[in-house]
Amino acid sequence: MTVDRVIGSSQPSRSASALHRGYTAAPSISAASHGDCIKKGHEGASVKTVQHLLNAAGAHPPLAEDGMFGPKTDRAVRQFQASHGLKANGQVGPQMLKALQAGGSVEGEVTLRNRTAATAATGGSSPAAAPQAATGSTRALNTARGLADAAPLSTAPTDQAAATPNYAPAPGRASRSFCSDPAARLEQAEQLMRANGQWPPQEGRRYAIQIDQDTPGADASRQDRAAFLGSYTGEIAVFRGSNGGLVEEMAPAPAAAHPNEMSSNQSPDVNGDGDGDVANLRPGAYEYQTSKTSNNRFNPVGALPVDRDLNHNGVIDGGAEQGGFEAYGIQIHQGQKNRPSSIGCQTMPPGVFGEFSDTVSRSAGGEFTYILARRPNDASPQAAPVTATGSGSPAGSQQPAAVAPNPPAQQPAPANATPVAPISASPGSMPDALTNLPTIDLKKGDKREEVGQLKSALAELGFISSKDPTLNNNTFDETTRKALQKFQ
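Because the structure is predicted, anything quoted here is derived from the model rather than measured. (Residues numbered from 1 in each chain as written. Predicted model: local features only at pLDDT ≥ 70, side-chain atom pairs only at ≥ 80, totals over all residues. Heavy atoms only, no water.)

## Section: the layout of surface pockets
Thinking step 1. For the second largest pocket, the calculated volume is near 390 Å³.
Thinking step 2. Around the second largest pocket sit 23 residues that line it, and Ala 459, Gly 462, Ile 464, Ser 465 and Ser 466 are the ones nearest its centre.
Thinking step 3. Sorting elements by how many residues they give to the lining of the second largest pocket places helix H12 (residues 449-460) first, with four residues.
Thinking step 4. Residue classes in the lining of the second largest pocket are distributed as five nonpolar, 13 polar and five charged. (1 Å grid on protein atoms, 1.4 Å probe; cavity = no way out; pocket = protein on both sides within 12 Å on 5 of 7 lines; lining within 4 Å. Points joined across faces, edges and corners; volume = space filled by probe spheres on them. Helix = DSSP H or I, 4+ residues; strand = E, 2+ residues; numbered from the N terminus. Nonpolar A, V, L, I, M, F, W, Y, C, P; charged D, E, K, R; others polar.)

And the structure:
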């Protein structure tokens, strides 16, 4: 057996007899530099070289340099291509090799391209993006590099493009919720896929795109943070790749890309403070298997990057909470009818999950792509309405009402008693145990079934620790009083 480890050889990089099942010999780096391409399903020393260069460019999560071009390498290649103005087709050819061997940084290139898009939108200028600001076009950026066939990440402010809203200002970001008009949604989905390195779509593959809100700010009240966690704050839609474009197969429906708890003993205790740190999936594009587990859940292909709520306040505050964590169990599954049920998985109501399952299970190749993009929280000043009726038209129907919790309206407290209920809340924003309680007067020491329901609901919202020894009794004690006081 002869294994080619010399970059520049024109022979295949590994003999067919030594290949793993399902893989074929990859062309050498030299062959790929002269018009051939290295792609998914290839194996050999040239693939290992590509993996090494991707890691050097900042691939996240880092790739195993095993010489096998599988789903993770394919995803890293597409992300690199999208961030360098290349056609994100997952194939390593002359242009991508040139960019890789030049030592390009994914992060640096994304920053430049985003500045260019922002400059075009505002009419301003940026020193880093000055050459592009003259034309206001990422197509100009591609042409200047000899990449005339590259797909632009954002549109130029020409007469035609100026009428098309920028739905995907950056990888992992969305400017608004899903458009109400189907034609506008297709444009929106295409922009989101381009921004996340998934364009052009693969024939027959399903692309589940979820747009969810950022978590509330750290200055939000605990009640508002808990209400956010207890709500389906986003939407998910499914599209099929067809003839180089998209066909919508499932219209936007409620979903949540966040846990419904601030802490859980089922989550790892990352910082050693005694409480489990729930996960939030980082925005991006990920591959999931179409076959479900025995308990009706979809599994990802490998570990995914997550943030963790280390101080258990329902907010990703940045710093130590952002990045650097991986999780294998970020599944997609059904939640409860009116609220999510998760410590880090992506959830949707049972009826929605049924339709979702039927749709993505038909994806070609045994896998589907899940894209998560976040937009400004509805309470944020940045969350301004956007109007659109279709691709290329800014005028028309107003943005549909956002899927967001309304703060619960408190009722006057009964005289000389602790107010417990009724509590008015929008559907899905509060646990049923709270919204269904009758009006009752309680004093310390009272023992009744309604107290047990109250304590369970307060624990679910994070106001009582799941490890509290008094959680399972029906006594209105000091812990219950303090938790209720915080909630109200």
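From this point, things continue past the structure.
## Comments concerning the nonpolar core
Note on soluble globular proteins: their nonpolar side chains tend to be buried together.
Thinking step 1. Core analysis: the largest hydrophobic core is formed by 27 residues, its most contacted members being Tyr 288, Ile 332, Phe 356, Phe 368 and Tyr 370.
Thinking step 2. Of all the secondary structure elements, the ones that give two or more residues to this core are strand S4 (234-242), strand S5 (245-255), strand S6 (279-281), strand S7 (284-292), strand S9 (304-308), strand S10 (325-327), helix H10 (350-360) and strand S13 (367-375).
Thinking step 3. Apart from residues no more than four positions distant in its own chain, Ile 332 is found in contact with Tyr 288, Arg 297, Phe 298, Gln 346, Met 348, Phe 353, Phe 356, Phe 368 and Tyr 370.
Thinking step 4. One finds Ala 26, Ile 29, Phe 69 and Val 92 within the second-largest nonpolar core, a separate group that totals 21 residues. (Core = buried A, V, L, I, M, F, W, Y, C linked by side-chain atoms within 4.5 Å. Buried < 20%, exposed > 50% of the residue type's maximum accessible area, 1.4 Å probe, protein only. Contact = heavy atoms within 4.5 Å.)

## A closer look at the environment of Ala 256
Thinking step 1. Tracing the chain through its elements places Ala 256 in the loop between S5 and S6.
Thinking step 2. Residue Ala 256 is classed as buried on the basis of its relative accessible area of 0%.
Thinking step 3. Here the alpha-carbon distance between Ala 256 and Gly 230, two residues 26 residues apart in the chain, equals 9.4 Å.
Thinking step 4. With residues near it in sequence (within four places) discarded, Ala 256 still touches Gln 210, Asp 212, Ser 231, Tyr 232, Pro 340, Cys 345, Gln 346 and Thr 347.

## Let's talk about the pattern of salt bridges
Thinking step 1. Taken as a whole and assessed by the stated rule, the structure comprises 13 salt bridges.
Thinking step 2. The salt bridge involving Glu 367 is made with Lys 40; its shortest N-O contact spans 3.9 Å. Of this pair, Glu 367 sits in strand S13 while Lys 40 sits in the loop between helix H1 (29-33) and strand S2 (42-43), and the two are 327 residues apart along the sequence.
Thinking step 3. Residue Glu 367 is classed as buried on the basis of its relative accessible area, which comes to 14%.
Thinking step 4. Residue Lys 40 is classed as partly exposed on the basis of its relative accessible area, which comes to 38%.
Thinking step 5. With its nearest N and O atoms 3.4 Å apart, the salt bridge here joins Asp 477 to Lys 455. Of this pair, Asp 477 sits in the loop between H12 and helix H13 (478-487) while Lys 455 sits in helix H12; the two residues are 22 residues apart in sequence, bridging distant segments of the chain.
Thinking step 6. Given a relative accessible area of 0%, Lys 455 falls into the buried group. (Salt bridge = Lys/Arg side-chain N within 4 Å of Asp/Glu carboxyl O.)

## Focus: helix H9 (residues 222-229)
Thinking step 1. Most of H9 sits inside the fold, with six of its eight residues counted as buried.
Thinking step 2. Restricting attention to buried positions, one finds in H9 the residues Gln 223, Arg 225, Ala 226, Ala 227, Phe 228 and Leu 229.

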